[in-house]
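Inside the fold
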Amino acid sequence: RESFVDDAGNKHYFVPDGFNEAFVPPLNPILPNQIKQNEKFVSADSLAAYLMNYGTPKTIIRAKPADGTVHAVLDYHGDNKFSEGRAGHCLHNAFFQATFDENWRRWREVDHKMMDQVAFAEFIEEMMPTIMRPAGADLLEMAQNLKINRGVVFKNNKRLKDGTYDIEYVEKDETKIGGGGHVAVPDDIEITLPVYLLRVPQTINIKLRYRVEKGSPLQFRLDILNRGLIEFEAFHLMVNEISVVSKFPYYLVG
């Protein structure tokens, strides 16, 4: 009889009496139902849709909050309870790299960093569309009023009943001190924006701190409180939605 190839790609021969049958491993084995694929997606929704169409009972989702990666393995190992822990091929993979929203990236760039008056005013003007409180016009006016000359001496600062700070200053030229004014500075700023690209906007509170030293320029600092927790929760929510839509389990990994 002629030789034949089984479903796994193994070639078999029938030999006469007195001879032994030999196993010859194939150079390119063909495994049944084996898919080798590495897909990369640019949105969480696309990954969820792919898993809905091509997922198998062995599909799992592995998410790493530290770097914002989501890795779905569609042919993972079998569940110990039902398949005695048989190893899967792990050759059919789908990936998604979560990226920060551009506006959130700009806010986190200045987090806990001191800025002089000009840099602070320019940043506030740039990020006005994301600022919800205090009123945009009021904050913009404050930022514009802070674009003052270097020849400014600060006299006094005090906290007002509404939570803002009143900073009194006088302007001077080379020979004398003249003029003066007051600038109301809010204690915190409320922004609304998505943490990750293409996600739903959320409200985030940012503390506005300042440093006043007699005879020195005024400096400001914007502190995003619990930034790591904010980003972790946003990532966790996104991965959970992928799991709910695709109906596959997810695991947070380090």
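Residues numbered from 1 in each chain as written. Predicted model: local features only at pLDDT ≥ 70, side-chain atom pairs only at ≥ 80, totals over all residues. Heavy atoms only, no water.

Spatially, five strands are ordered β3-β6-β5-β4-β15 in an open sheet, and the strand pairing comes out mixed. With one partner strand each, in any of the chains shown, β3 (37–41) and β15 (250–252) form the two edges of the open sheet. Each strand axis lies, on average, 20° off the axis of its neighbour in the sheet, ignoring direction. Lying on the sheet, helix α1 (residues 44–54) is in contact with β3, β4 (60–64), β5 (69–73) and β6 (92–97); it crosses β6 at an angle near 165°. (Pairing = 2+ DSSP bridges. Helix = DSSP H or I, 4+ residues; strand = E, 2+ residues; numbered from the N terminus. Axes fitted to C-alpha atoms, helices over the stretch in contact; angles between N-to-C directions. Contact = heavy atoms within 4.5 Å.)

Time to look at the packing of aromatic side chains. Counted according to the given criterion, the structure contains seven aromatic pairs. Judged by centre distance (5.1 Å) and plane angle (50°), the ring pair of F41 and Y50 falls under tilted. We note that F41, like Y50, is buried. Relative to F220, the ring of Y210 lies with its centre 6.5 Å away and its plane at 50°, an arrangement referred to as tilted. Of this pair, Y210 sits in strand β13 (residues 202–211) while F220 is found in strand β14 (residues 219–224), placing the two residues 10 residues apart along the sequence. (Phe/Tyr/Trp six-rings, centres within 6.5 Å; stacked < 30°, edge-to-face > 60°. Buried < 20%, exposed > 50% of the residue type's maximum accessible area, 1.4 Å probe, protein only.)

Turning next to α1. Those residues of α1 lying buried are A44, L47, A48, Y50 and L51. The arc enclosing the buried residues of α1, seen along the axis, measures out at 160°, which places them on a common side. Opposite the packed face of α1, turned more than 90 degrees from it, sit the exposed residues D45, M52 and N53. Structurally, α1 contributes buried residues whose contacts are with β3, β4, β5, β6 and α6 (227–246). (Arc of directions from axis to C-beta.)

Here I124 lies in helix α4 (residues 117–126). Under the relative-accessibility criterion, I124 is labelled buried at 0%. Linking I124 and A143, residues 19 residues apart in sequence, is a C-alpha distance of 6.7 Å. Excluding residues within four positions of it along the chain, I124 makes contact with I131, L139, A143 and I189.

Here we take up the confidence of the model for the protein chain. Put simply, the protein chain has an average pLDDT of 82, and 76% of its residues get 70 or more. No element of the protein chain has a lower mean pLDDT than strand β11 (residues 177–185), at 53, and none a higher one than helix α3 (residues 102–109), at 98. The low-confidence segment residues 147–151, where pLDDT is below 50, has seven contacts with residues more than four positions distant or belonging to other chains. Scored below 50 in pLDDT, residues 172–179 makes nine contacts in the model with residues more than four places away or belonging to other chains. (pLDDT = per-residue confidence, 0-100.)

Let us look at the pattern of salt bridges. As a working rule, side chains carrying opposite charge can pair if their charged atoms are close by. Applying the stated rule across the entire model yields 14 salt bridges. With a closest N to O distance of 2.6 Å, R209 and D223 form a salt bridge. Of this pair, R209 sits in strand β13 while D223 sits in strand β14, placing them 14 residues apart in sequence. As a salt-bridge pair, D223 and R221 come within 2.7 Å of each other at their nearest N and O atoms. Judged by relative accessible area, R221 falls into the partly exposed class, the value being 25%. One salt-bridge network, held together by shared partners, links E102, R105, R106, E109 and E126. (Salt bridge = Lys/Arg side-chain N within 4 Å of Asp/Glu carboxyl O.)

Now for the pairing of β14. Judged from the three bridges that link them, strand β7 (residues 114–116) and β14 form a sheet pairing that is antiparallel. Bridged to D116 within β14 is Q219. Two strands pair when backbone bridges link them, and β13 and β14 are joined in this way by six bridges, in the antiparallel orientation. When the bridges of β14 are listed, K207 appears paired with D223.

One finds L47, L51, V70, W107, I124, I191 and L222 to be the most contacted residues of the largest nonpolar core, which totals 48 residues. By residue number, the principal contributor to this core is α6, which donates six residues. (Core = buried A, V, L, I, M, F, W, Y, C linked by side-chain atoms within 4.5 Å.)

This brings us to the sheet that holds β14. The five strands are arranged β7-β14-β13-β12-β8 in an open sheet whose pairing can be described as antiparallel. Only two strands of the sheet have a single neighbouring strand rather than two, namely β7 and β8 (131–133). Neighbour-to-neighbour, the strand axes of the sheet open up by a mean angle of 35°, direction not taken into account. Against the sheet, α4 contacts β7, β8, β12 (188–193), β13 and β14, and its axis sits at roughly 100° relative to β7.

With that out of the way, let us pick up the environment of S3. Along the polypeptide, S3 turns up in the segment before β1 (4–5). On the basis of relative accessibility, which here comes to 34%, the residue S3 falls in the partly exposed class. For the pair formed by S3 and Y13, sequence separation is 10 residues and the distance between their alpha carbons is 4.4 Å. Excluding residues that lie within four positions of it along the chain, S3 makes contacts with K11, H12 and Y13.

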